[in-house]
Amino acid sequence: MTAGEPPRRTLLVLSQVYVPDPAAVGQYMADAAAEMVRRGWRVCVFTSSRGYDDPSVTYPSQESRDGVDIRRLPASSFGKRSLATRLSGAVSFVCQTIVRGLFLGKIDAILVSTSPPLAALAALLIARVRGAAIKFWVMDVNPDQIVALGGMRPNAFRARMLDWLNRRLLARASDVIVLDHFMADRINAKRNVQDKLVVIPPWPQENYLQSIPHNRNPFRAEHQLDGKLVVMYSGNHGPSHPITTLLEAAVLLAREPGVVFLFVGGGVGKREVEAAALPNVRSLPYQPLEKLSYSLSAADIHVVTLGDDLVGISHPSKVYGALAVGRPVLLIGPRRSHVAELLQRGEFGWRFSHGDANAIVKLLRSLLEEERSELAVRGQRAQAMVANGLSRDLLCGKLCDVIEK
């Protein structure tokens with residue numbers, strides 16, 4: 001800083017997951033943090049030192065990426081094997097965050113998301129002591145998600161405490177960012193924050209995701225996918241995004257050598273994939289960011305799912321990877337949902353209800369019999385959606401405008 005220049009403002013980012021971890025939340029946090037550095041802010045991130053899905057993966061305790069000061073906390077993520085392991089990691093993360101945040105130095109704003117949900121407590125305490133503004137970026141809604149999945153009764157003590165914590169954060173936050181209008185309705189039902197709420201969907205990572213033609217994609221050759229119709233589910237295999245109907249379609253097409261169902265990523269739902277033991281089903285772990293263009297482009301169709309009771313609670317960001325690489329999307333989920341609205345607007349895919357495996361099989365068989373021309377057309381429409389209001393520069397810029405207010 002030279003003489004006469006105003007002091008740099010400081011943004012503290014609280015997120016249990018951050019790049020290079022492949023979880024989507026961390027990637028979006030990293031985009032926002034890097035953009036805030038570009039705008040002249042000092043940005044410090046508190047995150048976990050271990051992988052979000054695989055806690056055996058470790059990251060450096062401190063490093064700088066894109067000018068962002070990243071500080072990783074030990075013993076703050078133990079994987080997602082059970083609710084108890086997730087909760088213990090979240091509690092450890094929040095406790096360490098509070099202590100470090102109180103001694104960080106000047107803080108002008110805190111960007112906090114819902115990973116973990118208890119991060120709200122750290123944001124409230126740090127903001128109260130340090131006088132910082134809170135920017136609440138709602139990625140999913142809890143305890144609503146746990147309740148909808150049957151993991152907790154709505155009147156349980158833990159559910160009521162988490163709901164109380166969320167309402168406190170909504171009241172204290174200077175701005176609230178949600179991912180779609182269904183989520184906005186649910187948040188406003190908890191506490192009316194319409195005057196400070198903005199809807200900004202996630203964005204495709206088109207800055208490093210490119211569409212790789214099949215004949216130049218080593219990923220397809222490596223995994224013996226050449227000549228196959230590849231139906232891919234890539235990302236978190238979580239209970240909010242059921243894959244049962246997709247696996248039922250795989251069972252019905254088990255004797256069809258031309259179709260491969262490829263599941264890439266992690267999460268508790270991977271057990272269902274591996275238990276299927278079908279000849280046309282393959283399972284791969286999360287791919288590193290530098291290989292993501294190749295893995296996503298290897299698909300002919302990307303599958304996005306959302307549980308019927310999860311609208312406005314969870315937002316499947318998988319759709320944006322498909323848009324970035326120009327691949328059609330097959331949605332298994334409710335008609336009234338954000339992705340269904342995108343499909344209707346852009347005509348880049350198809351929607352089916354849960355349990356409708358026969359209709360999915362009919363579609364895939366018809367695509368096998370064609371010259372794949374429909375896939376190409378819908379893929380072009382998917383990529384056009386990025387330029388039509390869903391680009392990273394536009395949406396990340398809008399988010400950072402809210403942070404800077």
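A quick note: this is a predicted structure, and the numbers were derived from the prediction, not measured. (Residues numbered from 1 in each chain as written. Predicted model: local features only at pLDDT ≥ 70, side-chain atom pairs only at ≥ 80, totals over all residues. Heavy atoms only, no water.)

Participant: Which parts of the structure should I look at to understand the overall build of the protein?
Facilitator: The secondary structure content of the protein amounts to 15 helices and 14 strands. Computed over the C-alpha atoms, the radius of gyration of the protein is 21 Å, within 12% of the 22 Å expected from 2.2 N^0.38 for a compact globule of 405 residues. C-alpha extents for the protein along the principal axes are approximately 65 × 50 × 40 Å. Look at the contacts in the protein between residues 6 or more apart in sequence, and 71% of them connect residues 24 or more apart. (Helix = DSSP H or I, 4+ residues; strand = E, 2+ residues; numbered from the N terminus. Rg over C-alpha atoms; globule rule 2.2 N^0.38 Å. Contact = heavy atoms within 4.5 Å.)

Participant: Is there a simple way to explain the pattern of salt bridges in this structure?
Facilitator: Pairing between side chains of opposite charge can happen when the charged atoms of each approach one another. Scanning the model with the defined rule gives 20 salt bridges in all. Here E35 and R39 are joined by a salt bridge, their closest N and O atoms 2.9 Å apart. Residue classification places E35 among the buried residues on the basis of a relative accessible area of 15%. With a relative accessible area of 24%, R39 lands in the partly exposed category. In this structure, D401 and R39 form a salt bridge, with 2.7 Å as the shortest nitrogen-oxygen distance. One end of the pair, D401, is in helix α15 (residues 392-404); the other, R39, is in the loop between α1 (24-38) and β2 (42-48), and 362 residues separate them in sequence. Note on D401: relative accessible area 43%, which makes it partly exposed. One network of salt bridges, with partners in common, ties together R9, E35, R38, R39, D401 and E404. (Salt bridge = Lys/Arg side-chain N within 4 Å of Asp/Glu carboxyl O. Buried < 20%, exposed > 50% of the residue type's maximum accessible area, 1.4 Å probe, protein only.)

Participant: Would you explain the nonpolar core in this entry?
Facilitator: As a rule of thumb, soluble globular proteins bury nonpolar side chains together. If you look at the biggest cluster of nonpolar residues, it comprises 87 residues, and the most contacted ones within it are V43 and W137. Every residue in contact with W137, bar those within four places of it in the chain, is listed here: Y28, M29, A32, L111, V112, S113, T114, I177, L179, W203 and L399. One finds V231, A250, W350 and V361 within the second-largest nonpolar core, a separate group that totals 28 residues. (Core = buried A, V, L, I, M, F, W, Y, C linked by side-chain atoms within 4.5 Å.)

Participant: Would you take a moment to explain the packing of α1 against α15 for this structure?
Facilitator: Contact geometry of α1 with α15 gives a least axis separation of 10 Å together with a crossing angle of 65 degrees. With respect to their mutual orientation, α1 and α15 come out roughly perpendicular. Where α1 crosses over α15, the two elements pack in a sense that is right-handed. Taken together, the residues of α15 that come into contact with α1 (itself represented by D31, A32, E35 and M36) are R392, C396, L399, C400, I403 and E404. Its residues placed into classes, the contact of α1 with α15 shows six nonpolar, no polar and four charged. (Axes fitted to C-alpha atoms, helices over the stretch in contact; angles between N-to-C directions. Parallel < 35°, antiparallel > 145°, perpendicular 65-115°, else oblique. Left-handed = near helix turned anticlockwise from the far one by under 90°. Nonpolar A, V, L, I, M, F, W, Y, C, P; charged D, E, K, R; others polar.)

Participant: Would you explain the pairing of strand β7 (residues 175-178) in this entry?
Facilitator: A regular strand carries its side chains on alternate faces of the sheet. Judged by which residues are buried, β7 turns out to be covered on both faces: D175 and I177 on one side and V176 and V178 on the other are all buried. Of the pairings in the sheet, the one linking strand β6 (residues 133-137) to β7 comprises three bridges and is parallel in character. Across the sheet, residue K135 finds its bridge partner in β7, namely D175. In the sheet, β7 pairs with strand β8 (residues 197-199) via three bridges, with the strands oriented parallel. Bridging from a neighbouring strand, V178 pairs with V199 of β8. (Pairing = 2+ DSSP bridges.)

Participant: What am I meant to see in the sheet that holds strand β14 (residues 349-352) here?
Facilitator: Taken together, six strands build an open sheet; the order of strands is β11-β10-β9-β12-β13-β14 and the sheet is parallel. Either end of the sheet is taken by a strand with one partner, and the two such strands are β11 (281-284) and β14. Here the strands of the sheet are splayed against their neighbours by 25 degrees on average, with no regard to which way each runs. Pairing of strand β9 (residues 229-236) with strand β12 (residues 301-305) involves two bridges; the strand directions are parallel. Note that in β12 the partner of V231 across the bridge is I301. Lying on the sheet, helix α8 (residues 244-252) is in contact with β9, β10 (259-266), β11, β12 and β13 (329-332); it crosses β10 at an angle near 150 degrees.

Participant: Hey, could you run me through helix α2 (residues 83-102) in this one?
Facilitator: Along an α-helix, a turn takes 3.6 residues, which lines up residues three or four apart on a common side. Here α2 is 20 residues long and its end C-alpha atoms lie 28 Å apart, about the 28 Å a rise of 1.5 Å per residue gives. What α2 keeps buried is the set T85, G89, A90, S92, F93, V94, Q96, T97, I98 and G101. (Expected span 1.5 Å × (residues − 1).)

Participant: So what exactly am I meant to see when it comes to the packing of aromatic side chains here?
Facilitator: For the structure on display, the rule yields three aromatic pairs. Considering the side-chain rings of W137 and W203, the 6.0 Å spacing of their centres and the 25 degrees angle between planes classify their relative orientation as stacked. Residue W137 is located in strand β6, and its partner W203 is located in the loop between β8 and α7 (218-222); the two are separated by 66 residues in the primary sequence. Like W137, the residue W203 is buried in the burial classification. The interplanar angle of 35 degrees and the centroid separation of 6.3 Å between the aromatic rings of Y233 and F263 together place this pair among those described as tilted. (Phe/Tyr/Trp six-rings, centres within 6.5 Å; stacked < 30°, edge-to-face > 60°.)

Participant: In this structure, what is going on with the sheet that holds strand β4 (residues 68-73)? I would like to understand it.
Facilitator: The strands that make up a sheet are held in pairs by hydrogen bonds between backbone atoms, and each pair lies either parallel or antiparallel. The eight strands lie next to each other as β3-β4-β2-β1-β5-β6-β7-β8, forming an open sheet whose pairing is mixed. A strand with exactly one partner marks an edge of an open sheet, and here the two such strands are β3 (62-65) and β8. In this sheet, adjacent strand axes meet at a mean angle of 20 degrees when their direction is disregarded.

Participant: I'm lost on α15 in this one. Help?
Facilitator: Here α15 contains 13 residues, and its C-alpha end-to-end distance of 18 Å stays within 8% of the 18 Å for a straight helix at 1.5 Å per residue. Here α15 has its buried residues at R392, L395, C396, G397, L399, C400, V402 and I403. Contact partners of the buried residues in α15: β1 (10-14), α1, β5 (109-112), β6, β7 and β8.

Participant: In this structure, what is going on with the pairing of β1? I would like to understand it.
Facilitator: Burial of β1 is extensive: five of the five residues sit out of reach of the surface. With burial as the criterion, each face of β1 is covered, one bearing T10, L12 and L14 and the other bearing L11 and V13. Summarising the sheet, β1 and β2 pair through five bridges and their orientation is parallel. Across the sheet, the residue bridging to V13 is V45, located in β2. Handedness of the β-α-β unit built from β1, α1 and β2 comes out right-handed. Strand direction decides the pairing type here: β1 and β5, joined by four bridges, are parallel. Bridged to L11 within β5 is A109. (Right-handed = clockwise from strand over helix to strand, strands pointing away.)

Purely spatial values, then, with no claim about function.
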